[in-house]
Amino acid sequence: MAKIKITQTGSKIGGKEKQRAALQSLALGRIGKSTVREDRPEVRGQITIVSHLVTVEEVAE
C-alpha cells in the first residue's frame, strides 16, 4: 500500500477540539513535525479535518 508523509505547518492553538484530536491521532503536535502513514481512508479523513494545518506528500517505497 502507498505511504504518505504528513507535515504540520500550522498551529493548533485556537482550533476546535476535533481538529486537536485529529492532529494528536496523526502523531503531530508542533509545527514542523512529520509522520509517515499508510494511505488509508481513515487517515485521509483525519487529514481532511486539518487540511489547512498540514501538507501531504506521497513517499516512494
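Residues numbered from 1 in each chain as written. Predicted model: local features only at pLDDT ≥ 70, side-chain atom pairs only at ≥ 80, totals over all residues. Heavy atoms only, no water.

Draft legend 1. Local environment of the environment of K12. Tracing the sequence through the fold places K12 in the loop between β1 (3–8) and α1 (17–25). For the pair formed by K12 and D39, sequence separation is 27 residues and the distance between their alpha carbons is 23 Å. Leaving out residues up to four positions away in the same chain, K12 has contacts with R20, L23 and G29. (Helix = DSSP H or I, 4+ residues; strand = E, 2+ residues; numbered from the N terminus. Contact = heavy atoms within 4.5 Å.)

Draft legend 2. How the structure looks around the nonpolar core. If you look at the biggest cluster of nonpolar residues, it comprises eleven residues: I4, I6, A22, L23, L26, L28, V43, I47, V50, L53 and V54. Counting residues per element, the ones that place at least two in this core are β1, α1 and α2 (41–49). When sequence neighbours within four positions are dropped, the list of residues in contact with L23 reads Q8, K12, L28, V50, L53 and V54. (Core = buried A, V, L, I, M, F, W, Y, C linked by side-chain atoms within 4.5 Å. Buried < 20%, exposed > 50% of the residue type's maximum accessible area, 1.4 Å probe, protein only.)

Draft legend 3. Spatial organisation of the pattern of salt bridges. Scanning the entire structure with this criterion turns up three salt bridges. Here E17 and R20 are joined by a salt bridge, their closest N and O atoms 2.9 Å apart. In this pair, E17 and R20 both sit in helix α1, three residues apart, roughly one turn of the helix. Residue E42 pairs with R40 through a salt bridge whose shortest N-O separation is 3.2 Å. What makes R40 partly exposed here is its relative accessible area of 37%. (Salt bridge = Lys/Arg side-chain N within 4 Å of Asp/Glu carboxyl O.)

Draft legend 4. The side chain of T35, seen in detail. In this fold, T35 is placed in strand β2 (residues 34–38). Given the relative accessible area of 13%, T35 is considered buried. In contact with T35, not counting residues within four places along its chain, are I4, K5, I6, L26, A27 and L28.

Draft legend 5. The arrangement of the sheet that holds strand β3 (residues 54–59) in detail. Overall, antiparallel pairing links the three strands, which are arranged β2-β1-β3 in an open sheet. Strands at the two margins of the open sheet, each flanked by one partner only, are β2 and β3. Each adjacent strand pair in this sheet contributes to an overall mean axis angle of 25 degrees, direction not counted. As defined by bridge partners, β1 adjoins β2 across five bridges and the pair is classed as antiparallel. Residue pairing in the sheet places T7 in a bridge with S34 of β2. (Pairing = 2+ DSSP bridges. Axes fitted to C-alpha atoms, helices over the stretch in contact; angles between N-to-C directions.)

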